[in-house]
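A look at the structure
Residue-level listing of the chains:
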Amino acid sequence: MSMLLQQPGNIGELRLKNRVVMAPMGTNYSTTDGLSTARDRAYYAERARGGVAMIMTEAMVVTEQARPHHNSLCCYHDRFIPGLASIVSAIKEHDCHVFAQLNHRGALLRRSVLNMEPVGPSAWMNPNTGDAVRALAIREIHEIQNLFVAAARRLWLAGYDGVEIHAANGYLFQQFFTRRINQRTDQYGGSLENRMRLLLETIDRIRQALPQLCLVVRLSASEFTADGYTAEEIIALAQAVERAGVAAIDLSGGSNESPQLSKYCIQPPSFARGCLAPLAKPIKDAVGIPVFVAGRIVEPQDAEEVLASGSADFVSLGRALYADPHWCLKAFGQVKAPIRQCIACNVCFERLTLEKDVSCVQNPMVGTEFETLEHAEPQLFPSPAGLRKRVLVLGAGVAGIEAARVIRGRGHEVEVWEKSTRVGGQIHLAVAAPDKTEVQPVWDYRWSELQAMQVPVRVGVSADKALIQAFAPDYVVVATGSVPRAAVLDTSALAPDIAVVHAWDVFKEPALVAPGSTVTVVGGGMVGVEIADLLRLKGCTIQVLEMQAHAANGMARNNKFELLERLADSGVRVITQCRIQGLAGREVKVQIGQGEAESLAIGQTLIFATGPRPNTDVVEAVEASGVPYSCVGDCNVPGDFLSALRDAWMVGLGIDAQLRHAASPTGATAPKDMNIIGESA
């Protein structure tokens with residue numbers, strides 16, 4: 001029996017080969033002038049090749065005065081048509097339809113990015129930035145509607161099958177629709193009919209100008225705030241949109257105006273799979289046109305359940321396709337490899353917010369030529385021509401296993417040695433905090449692949465010069481990770497009954513901290529706040545001391561704010577701008593901000609969460625063996641899974657070149673100081 005996902009379906013007159021639509025997601029892969037690039041084309045083409053039925057390219061702005069990012073795609077002038085046409089052509093080579101999303105951020109435009117002026121239905125303040133928002137005049141509203149028509153015409157000329165109007169996630173059309181922002185008293189404000197007018201008129205203008213263009217509208221099923229629009233109002237809007245002649249409705253949720261509401265657009269890992277489906281169901285039941293729904297659809301089973309529940313006709317996959325462009329082919333059994341599951345870390349969204357190009361923890365080569373199936377799953381293809389070489393990987397954490405997976409997939413002989421008696425490295429720490437089990441696929445995908453390829457992994461091995469030389473490798477990959485940094489404070493004057501431990505030790509053995517005890521955590525980075533999250537479940541009284549102005553730096557903001565809210569609701573005290581001056585007896589002496597020095601009671605346990613240092617102990621033995629090597633992951637530079645996997649993946653692919661060089665007729669080898677690949681400048 002075939003999956004519901006595999007069944008074809010219609011959107012207007014378009015026949016889609018399955019029920020998977022790629023959601024519109026920013027990339028920052030374009031030029032700073034908004035022109036498409038070969039990188040855009042490759043990124044979209046690989047996802048079309050991966051089996052989705054339709055791709056919705058990222059939101060494009062209709063005017064130069066409304067750009068959201070430095071490197072976002074644009075279509076506000078005819079000069080963009082040739083590049084967009086090349087993207088369309090690359091997508092359609094793979095039996096995939098293509099739509100474009102048009103957007104105007106309105107009040108959520110940022111002055112800090114290209115000096116864009118926030119405008120909206122009424123005078124307001126952008127909660128994210130504090131920028132004042134100017135109310136649009138009626139003349140300007142009509143100009144914006146005309147800009148949408150002109151942009152849609154360019155997309156039609158570029159070969160797009162259709163256009164999606166972005167009326168969700170807190171942007172201009174939603175700002176007009178929600179009474180909490182729209183305070184107008186003219187024909188565009190007040191009654192429900194008036195608040196729908198901007199969107200419905202825009203739909204009508206596009207349909208009159210381009211009757212053959214298929215139109216879709218994206219709506220937020222809920223604003224998730226008490227003063228937001230009601231369920232009855234969004235159903236009324238969906239029905240009005242259907243009457244206006246759109247072919248489908250695409251449902252998201254929330255608003256990107258603040259981290260508190262943005263988490264419903266781009267959900268953290270604590271949110272349930274298919275979290276928007278229950279809200280989509282009454283909307284779908286109220287209309288007769290197809291409905292898409294997004295929201296934490298990670299595995300094929302998640303999508304099947306959404307479709308089977310009658311909540312949607314199509315699933316809209318976003319971050320899942322950052323993580324694995326071949327999701328569909330793998331789901332349908334056409335590619336015999338596991339899906340790299342999205343872990344909802346939201347690094348992708350955070351990078352966009354920071355004006356970086358998108359990357360992905362599970363797929364750090366997204367947006368490069370190396371994320372193609374041939375490089376991502378090399379074991380599925382014939383090995384490259386050349387001599388089969390012997391490679392030793394030291395360390396069986398995520399980076400080491402990833403390097404071994406790629407190297408073996410390229411046809412080389414590889415073996416992994418792990419000093420401890422347990423494989424996995426820091427993955428065990430990463431999944432120990434509440435709601436972090438979603439991180440487990442970072443390990444599971446790679447470990448299952450390594451086992452399928454029957455790569456030997458030996459534990460309890462302390463590598464030394466003699467063992468390495470006896471193995472006789474042609475190359476060594478050092479992936480020995482990091483270890484906790486020694487406490488930076490003198491603890492000798494503390495009362496002897498205060499337990500002093502490192503956060504890593506508590507993650508490994510939570511019983512080190514007694515239930516209901518009072519705890520002080522030194523360091524409020526990601527590790528510090530996650531250890532507090534773990535201990536709050538044990539009924540502990542917790543204070544977290546962080547020197548910087550903000551806690552949980554390094555976490556994606558949607559995830560960070562959700563976690564910090566959870567801690568605050570549980571009574572955890574997070575003290576920022578807190579400089580520790582000393583430890584004595586049962587107290588820690590601190591200066592908070594510019595205040596006077598004061599003493600805080602430590603409680604029964606003092607936990608240090610002050611970061612790791614590279615574990616390079618084995619490098620001396622590797623160098624003594626005379627075998628060329630690379631350091632990858634935390635033993636190179638402590639970072640996150642993204643940097644570790646990027647190191648490992650690319651060093652794995654680079655083994656061919658390294659070994660060709662070592663086997664050159666001159667017998668030349670790389671200089672000693674060139675052995676460490678990816679070392680920071």
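Remarks on the packing of aromatic side chains
Summed over the entire model, instances satisfying the criterion amount to eleven aromatic pairs. Judged by centre distance (6.4 Å) and plane angle (85°), the rings of phenylalanine 176 and tyrosine 188 are edge-to-face. Highlighted residues: phenylalanine 176 in helix 4 (residues 172–177) and tyrosine 188 in the loop between helix 4 and helix 5 (192–209), separated in sequence by twelve residues. Here the aromatic rings of phenylalanine 177 and tyrosine 229 are separated by 4.9 Å at their centres, their planes lie at 55°, and the arrangement is tilted. Placement of phenylalanine 177 in helix 4 and of tyrosine 229 in the loop between strand 10 (214–220) and helix 6 (231–243) is noted, with a sequence separation of 52 residues between them. Comparing phenylalanine 177 with tyrosine 229, the two get one shared label, buried. In this structure an aromatic cluster arises from ring pairing among Tyr29, Tyr43 and Tyr44. For arginine 19, the ring lying beneath its charged end belongs to phenylalanine 314, and the centroid distance is 5.1 Å. Sitting above the plane of the tryptophan 649 ring, arginine 405 keeps its charged end 5.9 Å from the centroid.

Notes on the nonpolar core
Looking at soluble globular proteins, one finds that nonpolar side chains tend to be buried together. Among the nonpolar cores identified, the biggest contains 97 residues, and Leu102, Leu199, Leu219 and Trp327 are the most heavily contacted of them. At seven residues, helix 3 (residues 138–157) tops the list of elements feeding residues into this core. The residues contacting leucine 199, other than those within four sequence positions of it, are Ile165, Ala167, Phe173, Val217, Leu219, Leu237 and Val241. Core analysis: the second largest hydrophobic core is formed by 35 residues, Val423, Trp443, Tyr475 and Leu645 among them.

Examining the sheet that holds strand 25 (residues 597–601)
Sheet architecture is open: three strands sit in the order 23-24-25, paired in antiparallel fashion. Since the sheet does not close on itself, it has two edges, and those belong to strand 23 (578–584) and strand 25, each with one partner. The mean inter-strand angle of the sheet, taken between neighbouring strand axes irrespective of direction, is 30°. Examined bridge by bridge, strand 23 and strand 24 (residues 587–592) share six bridges and lie antiparallel to one another. What sits directly across from glycine 582, in strand 24, is lysine 589.

Considering the packing of helix 19 (residues 526–536) against helix 20 (residues 557–569)
In the contact formed by helix 19 and helix 20, the axes pass within 10 Å of each other and the chain directions differ by 40°. Our classification of the angle between helix 19 and helix 20 gives oblique. Our pair here, helix 19 against helix 20, has a crossing hand that is left-handed. Of the residues in helix 20, those in contact with Val529, Glu530, Ala532, Asp533 and Arg536 of helix 19 are Leu563, Leu564, Arg566 and Leu567. Across the contact of helix 19 with helix 20, the residue classes break down as five nonpolar, no polar and four charged.

Quick notes on the pattern of salt bridges
According to the stated counting rule, one finds 40 salt bridges in the structure shown. The partner of lysine 330 in a salt bridge is aspartate 324, with the nearest N and O atoms 2.7 Å apart. Since its relative accessible area comes to 0%, aspartate 324 is described here as buried. Of the charged contacts, one joins aspartate 533 and arginine 536 as a salt bridge, the two residues approaching to 2.4 Å between their closest N and O atoms. Taken together, the positions of aspartate 533 and arginine 536, both in helix 19 and three residues apart, correspond to about one turn of that helix. Residues joined in a network through salt bridges with shared partners are Asp324, Lys330, Arg340, Glu377, Glu402, Arg405 and Arg446.

Parameters at a glance
One numbering rule holds for all chains: residues counted from 1, following each sequence as written. Totals for whole chains, interfaces and linings use every residue, but because this is a predicted model, local features are given only for residues with pLDDT of at least 70 and side-chain atom pairs only at 80 or more, for both listing and counting. No hydrogens and no water enter the side-chain calculation; it runs on all heavy atoms of the structure. Each Phe, Tyr or Trp ring, with Trp reduced to its six-membered ring, pairs with another whose centre is within 6.5 Å; inter-plane angles below 30 degrees give stacked pairs, above 60 give edge-to-face pairs, and intermediate values give tilted ones. In this text, helices come from DSSP runs of H or I with a minimum length of four residues, and strands from runs of E with a minimum of two, each type numbered from the N-terminal end. For every residue, the accessible area obtained with a 1.4 Å probe (protein chains only) is divided by the maximum for its type, and the residue is called buried under 20%, exposed over 50%, and partly exposed between those limits. Look at NZ for Lys and CZ for Arg. If either is within 6 Å of the ring centre and within 35 degrees of the ring normal, a charge sits over the ring. What makes a nonpolar core is a set of buried Ala, Val, Leu, Ile, Met, Phe, Trp, Tyr and Cys residues whose side-chain atoms join them at distances within 4.5 Å. Two residues form a contact once any of their heavy atoms are found within 4.5 Å. Strand pairing is defined by DSSP finding a minimum of two bridges between the two strands. Note on method: axes are straight lines fitted to C-alpha atoms, helices fitted across the in-contact stretch only, with angles between N-to-C directions ranging 0 to 180 degrees. Each angle gets one of four labels, with under 35 degrees taken as roughly parallel, over 145 as roughly antiparallel, 65 to 115 as roughly perpendicular, and the rest as oblique. Here a crossing is taken to be left-handed if its near helix is turned anticlockwise relative to the far helix by less than a right angle, and right-handed if that turn runs clockwise. Throughout, the ten residues Ala, Val, Leu, Ile, Met, Phe, Trp, Tyr, Cys and Pro are labelled nonpolar, Asp, Glu, Lys and Arg are labelled charged, and all others, Gly among them, are labelled polar. Put simply, a salt bridge is a Lys or Arg side-chain nitrogen that is within 4 Å of an Asp or Glu carboxyl oxygen.

Everything listed here is a matter of coordinates, which is why it stays silent on function.
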